[in-house]
Amino acid sequence: MIRVQREDFDVGAELKSLTDGNHQIGGLTSFVGLVRDIADGQSVSAMTLEHYPGMTEKQLSEIEAEANRRWPLDASLIIHRHGRLEPGDRIVLVACASAHREAAFEACHFLIDWLKTKAPFWKLEGTPDGDQWVASKSSDDDAAARWAKG
Amino acid sequence: MKLLYFAWVRTKTGTGEETVSPPDSVRDVAGLIEWLKRRGSGAADAFADPSLIRVAVNQDYVELDHPVIAGDEIAFFPPVTGG
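To start, this report covers the structure provided alongside it. As the structure is a prediction and not an experimental result, all values here were calculated from the model. (Residues numbered from 1 in each chain as written. Chains lettered and ligands numbered in written order. Predicted model: local features only at pLDDT ≥ 70, side-chain atom pairs only at ≥ 80, totals over all residues. Heavy atoms only, no water.)

**Points about the nonpolar core**
Basically, it comes down to this: Buried Ala, Val, Leu, Ile, Met, Phe, Trp, Tyr and Cys residues that are joined via side-chain atoms within 4.5 Å together make up what is termed a nonpolar core. The buried label applies to any residue whose accessible area, calculated with a 1.4 Å probe on protein chains only, is under 20% of its type's maximum; exposed applies above 50%, and partly exposed to all values in between. By the criteria applied, helices consist of DSSP H or I runs no shorter than four residues and strands consist of E runs no shorter than two, each listed in order from the N terminus. Note on definitions: a residue-residue contact is assigned when non-hydrogen atoms from the two residues lie within 4.5 Å.
Membership of the largest hydrophobic core comes to 27 residues, with the highest contact counts inside it found for W71, I91, V94, F110, L111 and L115 of chain A. Mapped onto this core, the elements with two or more residues apiece are β5 (46–51), α2 (55–70), β6 (73–81), β8 (90–98) and α3 (101–118) of chain A. Tallying contributions element by element places α3 of chain A first for this core, with eight residues. Residue contacts for W71 of chain A: discarding those within four places in its chain leaves A103, E106, A107, F110 and W147 of chain A. The next biggest cluster of nonpolar side chains, apart from the first, holds 22 residues, and it includes L3, W8, V55 and V62 of chain B.

**Things to note about the sheet that holds strand β3 (residues 54–57) of chain B**
Strand pairing in a sheet takes place through backbone hydrogen bonds and is either antiparallel or parallel in direction. Residue and element names in this part refer to chain B. Selection rule: Only strands joined by at least two bridges in the DSSP assignment are considered to pair. An axis is simply a line fitted to the C-alpha atoms; with a helix, the fit covers only the stretch in contact. Between two such axes, the angle follows the N-to-C directions and lies from 0 to 180 degrees.
Strand order in the open sheet made by the five strands is β2-β1-β5-β3-β4, with mixed pairing throughout. On the outer flanks of this sheet lie β2 (17–19) and β4 (60–62), each paired with one strand and no other. Sheet twist, expressed as the average angle between the axes of neighbouring strands with direction ignored, equals 25°. Examined bridge by bridge, β3 and strand β5 (residues 73–77) share four bridges and lie antiparallel to one another.

**Examining the side chain of E66 of chain A**
Residues and elements named next belong to chain A. Relative to the helices and strands, E66 is located in helix α2. According to the relative accessible area criterion, E66 is buried, its value standing at 13%. For E66, the contacting residues outside a window of four places in its chain are F110, W114 and K149.

**Some details on the interface of chain A and chain B**
In plain terms, the rule: Buried area counts how much accessible surface, traced with a 1.4 Å probe, disappears from two parts once they are put together, with both parts' losses summed. Should a side-chain nitrogen of Lys or Arg be within 4 Å of a carboxyl oxygen of Asp or Glu, the pair is scored as a salt bridge.
Taken together, the contact pairs 26 residues of chain A with 21 residues of chain B. Broken down residue by residue, the surface that chain A buries against chain B is led by Y52, W122 and W133 of chain A, which jointly contribute 35%. At the junction of chain A with chain B, the criterion picks out two salt bridges. The partner of D60 of chain B in a salt bridge is K58 of chain A, and the shortest N-O contact between them spans 3.2 Å.

**Focus on the packing of α2 of chain A against α3 of chain A**
Residue and element names in this part refer to chain A. We count it as follows: Angles are sorted into four bins: roughly parallel if under 35 degrees, roughly antiparallel if over 145, roughly perpendicular if 65 to 115, and oblique for all others. Should the near helix be turned anticlockwise from the far one by less than a right angle, the crossing is termed left-handed; should it be turned clockwise, right-handed.
Interhelical geometry of α2 versus α3 gives an angle of 150° and a closest axis separation of 10 Å. On the basis of the axis angle, α2 is roughly antiparallel to α3. Two packed elements cross with a definite hand, and for α2 against α3 that hand is right-handed. Along its contact with α2, which presents Q59, L60, I63, E64, E66, A67 and R70, the element α3 presents F110, L111, W114, L115 and K118.

**Brief notes about helix α1 (residues 11–19) of chain A**
Residues and elements named next belong to chain A. For the record, the criterion: What the arc covers is the set of directions going from the helix axis to the C-beta atoms. Polar contacts here mean pairs of N or O atoms no more than 3.5 Å apart (in protein, one a potential hydrogen donor and the other a potential acceptor; neighbouring residues in sequence count only if both atoms are side-chain atoms).
Among the residues of α1, those classed as buried are E14, L15, L18 and T19. For α1, the angular spread of the buried residues around the axis is 115°, confining them to a single face. Away from the buried face of α1 by more than 90 degrees, exposed residues K16 and S17 are located. Structurally, the start of α1 carries an N-cap: the backbone nitrogen of G12 is 3.1 Å from a side-chain oxygen of D10. Count one or two residues on from α1 and you reach G21, which has phi positive near 85°.

Listed below in structure tokens is the structure:
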């Protein structure tokens, strides 16, 4: 399941509803991304996330489908927020459930790595020097490349 | 065809969305970018370094040699920074 929304989410409630009633699940992993108050040594007072409505949902669905092809998942969830956020706010939740922990850990790691290089979101940071678009990081490309099939 | 611009590509072109009808000689993404650059200073600035631009046609990532036709939704944006 994927959701793109402005509103915050309740991690506990989301994880509970993801696994409720499915007793084949033995492991549930999650990753929560938060807004930092510093980036490249500069203080950040706010972050605005722009996205491409339509393509965002399409890309997230394709990334989730790919994770389900690669690992035996019983449930998966991606929630990504957009709009104006402040330091400490939650940005993204990725969760994966499986019979065993290896699939759950690996699929969750794969999803956040791929999401960072494929989902059409752009971060605008509010800094003392004014608003600045965040540049993409080659380390994110490297992280995603680890999951490329040889 | 419908053009969409996001993030700093949007701020440089000065618009988030426009509908255009390029001449028949514009057959692919690269040709469309060249045509847009000749139309105005904002686009010329936005597309000054094509290596910084990512392109989606009908919401799928494509390369510069991908064909474009009337009715396509074509989006131009910087490398993504979500997550």
